[in-house]
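Residues per chain, in single letters:
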Amino acid sequence: MVYINNLSEHVDEEVTLKGWVYNYRSSGSLYFVEMRDGSGICQCVVAQDAVSEEAWEQTEALRQETSLEITGKVVEDERSIGGHELQVTDLNIYQVAEDYPITPKEHGVEFLMENRHLWLRSQKQWAAMRVRNEIIYAIHTFFQERGFVQMDAPIFTGNAAEGTTNLFETEYFDDEAYLTQSGQLYGEAMAMAHGLIYTFGPTFRAEKSKTRRHLTEFWMIEPEMAFYDLNMNMDLAEDFVQFIVKRVLDRRPKELEILERDTSKLRKTAENGFPRISYTEAVEELKSDDMAAMLDQMVEDRKQEAEDLKEERDEIEKERGQAKKWRKAQIDQRVIEIGKRLDEIEEDLRNIPDWRESALNFEWGEDFGGSDETLLTMKYDTPILVHRYPAEIKAFYMKRDPEDEKLAMACDMLAPEGYGEIIGGSKREEDLETLKKRIAEHGLSEDVFQWYLDLRQYGSVPHSGFGLGLERTVAWLCGLDHVRETIPFPRMMGRLTP
Ligand code: 4AD
Ligand code: MG
């Protein structure tokens, strides 16, 4: 089989492509068919006098998403989508598609979510899934090359790992069980057998949060390392994320272009170290005069930008009347872009006062909200690592800071550009008695943790690990503003189908 992404190896040859009609237009005795085959899109030109009568009849029957095979000669054509064109000599339809519900016109997101099984064929969705795949490949490569053993943690569990408020409960014969929130505790057991391990599996949180960062079912990658302290943990997290970003930049430029991703900041992430600040420093920063001033400046900048955009729009709309057809199309495109940007600015201008308020009133001991995370990363182009959080807001298994009992040796990675927390991690408590105390303090039952406590009885060692949320990482790298577009079939509050 020949695929569109390999056409450069077949220039001047006759090949047969199998796929679907992405788009088409006709002008008399010529048809321009944009065909997609999963690997890319290729423009196929059908000239009535170059094909049989039968093939021409089939050409005239084409509809969007009709499945077919097309034979023709590959010619190089820089202007063409994908850089090649097929001069068609034959064409055969598998099935003429019914009227396809997703047309090039704009659709509401609810409609698209209802048709997610079809929406996946659209260009941006296609590109996002290929970036996701590249990230998955990069993750395995990174850990495998460093001697980590991949392990599968169970999905049915008898115990909570990340707090009891967001557990999905299910029946397990005569017992109750939960869907796992994290593979970490099992990862710790495996790390005591192999030293370096990572899990890569589905995790579940019954969070009643309808935000653009929350799914009820998401994929988490959790490395766990025997003998690692917090700094080693942060070093690994930084190398790991840089590796992923580099890979995607190197290997998915076409997809990033389809997604219209501005890659300048991603490049900075690939090249520069990530700032590390303590939670306490982060709180000071949030409440600082500098932060307030930065937000005030941001409001001014946004207002100015909006004025400039409106001026530009007025000008090009004036020009439109006399413009040539191609220029009209260009103007219409730009007007849509300006409209989108103005909506974003308006949203920012609505939000910034709330962000400012919430930052200034932030109290030490609280957990960062989405907007606080956005503000904390705003002055950096790379992710930042925030460490040493108040123990009260963190999980029972985290080691306390020997220099300050109130602090947990936790480290979260916050992505820039408003993407927020992508990694949560920590050093683990390795002392048996202290761990038992923590379990009790968190109101958890020691019974279900017997096996976990065993790890502290038989050769306990200092160890650390972290968890990366795959979907948030995909959203950040693709520049998508909601995690629902980062996984083929998202599960969220209020969404279980398709
Ligand atoms: O910070 P979390 O809850 O950490 C843990 O579960 C630890 N057991 C990890 C470890 O140390 N091994 O979750 C880790 C990451 C978050 O930073 C976020 O990226 C993602 O998982 N995440 C979610 N992603 C989508 N939807 C949700 N509801 C998520 N909750 C967490
Ligand atoms: Mg977290």
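Residues numbered from 1 in each chain as written. Chains lettered and ligands numbered in written order. Predicted model: local features only at pLDDT ≥ 70, side-chain atom pairs only at ≥ 80, totals over all residues. Heavy atoms only, no water.

Draft legend 1. Representation of the domain arrangement of the protein chain. Split into domains, the protein chain comes out as domain 1 (4–95), domain 2 (116–278 + 365–485) and domain 3 (291–357). Taken over C-alpha atoms, the centre of domain 2 sits 36 Å from the centre of domain 3. The partner domain 3 presents five residues to the four residues of domain 2 that form the contact. Interface area, domain 2 with domain 3, both sides summed: about 500 Å², of which 86% is carbon and sulfur. A per-residue breakdown of the area domain 2 buries against domain 3 is headed by Ser371, Leu375 and Met378, which together make up 78% of the total. Viewed at the interface, domain 3 and domain 2 are joined by zero residue pairs in polar contact (both at pLDDT 80 or more). (Domains from an automatic or database assignment. Contact = heavy atoms within 4.5 Å. Buried area = accessible area lost by both parts, 1.4 Å probe. Polar contact = N/O pair within 3.5 Å; in protein donor to acceptor, adjacent residues only side chain to side chain.)

Draft legend 2. Structural view of the nonpolar core. In this structure, Ile139, Phe240 and Val241 are the most contacted members of the largest nonpolar core, which totals 60 residues. In terms of residue count, helix H6 (residues 230–251) provides more of this core than any other element does, 11 residues in total. With residues up to four places along the chain from it excluded, the contact list for Phe240 reads Ile139, Phe142, Phe143, Ile221, Phe466 and Leu468. (Core = buried A, V, L, I, M, F, W, Y, C linked by side-chain atoms within 4.5 Å. Buried < 20%, exposed > 50% of the residue type's maximum accessible area, 1.4 Å probe, protein only. Helix = DSSP H or I, 4+ residues; strand = E, 2+ residues; numbered from the N terminus.)

Draft legend 3. Region of interest: the sheet that holds strand E5 (residues 84–95). One closed barrel holds the five strands; their spatial order is E1-E2-E3-E5-E4, and the pairing between them is mixed. Direction aside, neighbouring strands of the sheet carry axes that sit 50 degrees apart on average. Where strand E1 (residues 14–27) lies against strand E2 (residues 30–36), seven bridges are found, and the strand directions are antiparallel. Across the sheet, residue Tyr24 finds its bridge partner in E2, namely Val33. Running over the sheet, helix H1 (residues 53–60) touches E2, strand E3 (41–47) and E5 and is turned about 80 degrees from E5. (Pairing = 2+ DSSP bridges. Axes fitted to C-alpha atoms, helices over the stretch in contact; angles between N-to-C directions.)

Draft legend 4. Here's a closer look at the pairing of E5. Inspection of the sheet shows E3 paired to E5 by three bridges, in the parallel sense. When the sheet's bridge partners are listed, Val45 is paired in E5 with Gln87. Relative to E5, strand E4 (residues 67–76) is paired through 10 bridges, and the arrangement is antiparallel. Along E5, the bridge assignment pairs Thr71 with Asp90.

Draft legend 5. Just unusual backbone geometry, in detail. For the bond running from Thr497 to Pro498, omega is -10 degrees, close enough to zero to count as cis. Examined against the element boundaries, Pro498 turns out to sit in the segment after helix H15 (470–478). Unlike most non-glycine residues, Asp12 shows phi in positive territory, near 70 degrees. For Asp12, a relative accessible area of 54% translates into the label exposed. A positive phi angle is found at Phe227, which is not glycine, with a value near 70 degrees. Mapped onto the elements, Phe227 comes out in the loop between strand E11 (217–226) and H6.

Draft legend 6. Region of the structure containing the site of ligand 1. In the vicinity of ligand 1 lie 23 residues, with Glu162, Gln184, Arg205, Glu222 and Glu421 positioned nearest. Residue Ile423 places a main-chain N or O atom 3.4 Å away from an oxygen atom belonging to ligand 1. One nitrogen or oxygen atom from the main chain of Gly424 is found 3.4 Å from an oxygen atom belonging to ligand 1. Summarising the interface, the protein chains cover 93% of the accessible area of ligand 1, which totals 630 Å² for the free molecule. Elements represented by at least two residues in the shell around ligand 1 include exactly E11, strand E16 (420–427) and strand E17 (463–469). If you tally residues by element for the shell around ligand 1, the top one is E16, at five residues. (Near = heavy atom within 4 Å. Areas by Shrake-Rupley, 256 points an atom, 1.4 Å probe, with all protein chains shown as cover.)

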